[in-house]
Amino acid sequence: MSNDTSERDDLFDDANGDLAVGDLEAAIEKYRKCVELDPEFFDGWHALGMALMKADQIKPAIGAALQATTLCPNDQLAWTALSQMYVQDGQIAEAEAAKQNATVLGIGGKIVKD
């Protein structure tokens, strides 16, 4: 495990702790640092999106969620979260498309073939 990965994981754990006690700003800042250290870190992008959504920063939340679904296109939770964000932003067609992807995965299908 490289120092970057170790630092990323420590930051991620700290951010999760901040989120648990309701300090959204601190959590968002740390999740952002995680994905700066490791742009391929799915859990960081997914958590960042969820924290941004809780903080009513919907446009940046959608951006983070799109990055998460790009990294792991077969992750059902990522598509479900993206659908919720689109609904909050009033993008109903996009929300329906994301929900459809989540449903396909929920019944055992794949969005992107391995």
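Criteria and thresholds
Residues numbered from 1 in each chain as written. Predicted model: local features only at pLDDT ≥ 70, side-chain atom pairs only at ≥ 80, totals over all residues. Heavy atoms only, no water. Salt bridge = Lys/Arg side-chain N within 4 Å of Asp/Glu carboxyl O. Helix = DSSP H or I, 4+ residues; strand = E, 2+ residues; numbered from the N terminus. Buried < 20%, exposed > 50% of the residue type's maximum accessible area, 1.4 Å probe, protein only. Patch = residues over 30% accessible without salt bridge, like charges linked within 9 Å, V, L, I, M, F, W, Y side chains within 5 Å. Areas by Shrake-Rupley, 256 points an atom, 1.4 Å probe, with all protein chains shown as cover. Lys, Arg positive; Asp, Glu negative; His and termini not counted. Charge placed at Lys NZ, Arg CZ, Asp CG, Glu CD. Expected span 1.5 Å × (residues − 1). Contact = heavy atoms within 4.5 Å. Axes fitted to C-alpha atoms, helices over the stretch in contact; angles between N-to-C directions. Parallel < 35°, antiparallel > 145°, perpendicular 65-115°, else oblique. Left-handed = near helix turned anticlockwise from the far one by under 90°. Nonpolar A, V, L, I, M, F, W, Y, C, P; charged D, E, K, R; others polar.

Trainee: Would you mind going over the pattern of salt bridges in detail, with residue names and values included?
Mentor: Two side chains with opposite charge may pair up if their charged atoms get near one another. In total, this model carries four salt bridges according to the counting rule given. As a salt-bridge pair, Lys30 and Asp18 come within 2.7 Å of each other at their nearest N and O atoms. Of this pair, Lys30 sits in helix 2 (residues 24-37) while Asp18 sits in helix 1 (residues 3-20); the two residues are twelve residues apart in sequence, bridging distant segments of the chain. Residue Lys30 is classed as partly exposed on the basis of its relative accessible area, which comes to 24%. Note on Asp18: relative accessible area 13%, which makes it buried. Connected through shared salt-bridge partners, Arg8, Asp9 and Asp38 make up one network.

Trainee: Got a sec to walk through a negative patch on the surface? Specific residues and values, please.
Mentor: Side chains of Asp4, Glu7, Asp10, Asp13 and Asp14 sit close together on the surface and give a patch of like negative charge. Inspection of the secondary structure assignment puts Glu7 in helix 1.

Trainee: So what's going on with helix 2? Which residues, and what values?
Mentor: A rise of 1.5 Å per residue sets the reference length of helix 2, with its 14 residues, at 20 Å; its end C-alpha atoms lie 20 Å apart and thus fit the reference within 8%. Along helix 2, the positions that sit buried rather than exposed are Ala26, Ala27, Ile28, Tyr31, Cys34 and Val35. Turning to helix 2, the residues buried within the fold contact helix 1 and helix 3 (42-54).

Trainee: Can you tell me about unusual backbone geometry, naming the residues and giving the values?
Mentor: A negative phi angle is the norm for most residues apart from glycine, just as the trans form is the norm for most peptide bonds. Phi angles above zero are rare outside glycine, and Asp56 is one such case at about 60°. Here Asp56 falls in the exposed class, since its relative accessible area comes to 62%.

Trainee: So what's going on with the packing of helix 1 against helix 2? Residues and values would help.
Mentor: Running from N to C, helix 1 and helix 2 cross one another at 160°; their axes reach a closest spacing of 8 Å. Between helix 1 and helix 2, the crossing angle belongs to the class labelled roughly antiparallel. Read as a crossing pair, helix 1 and helix 2 show a hand that is left-handed. Facing Asp4, Glu7, Arg8, Leu11, Phe12, Asp14, Ala15, Asn16, Asp18 and Leu19 of helix 1, the residues of helix 2 in contact are Leu24, Ala26, Ala27, Lys30, Tyr31, Lys33, Cys34 and Leu37. Within the contact of helix 1 with helix 2, the residues separate by chemical class into ten nonpolar, one polar and seven charged.

Trainee: Talk me through helix 3; I want residue IDs and the actual numbers.
Mentor: Here helix 3 is 13 residues long and its end C-alpha atoms lie 19 Å apart, about the 18 Å a rise of 1.5 Å per residue gives. If you check which residues of helix 3 are buried, you get Phe42, Gly44, Trp45, Ala47, Leu48, Gly49, Ala51, Leu52 and Met53. Buried-residue contacts for helix 3 involve helix 1, helix 2, helix 4 (58-71) and helix 5 (76-88).

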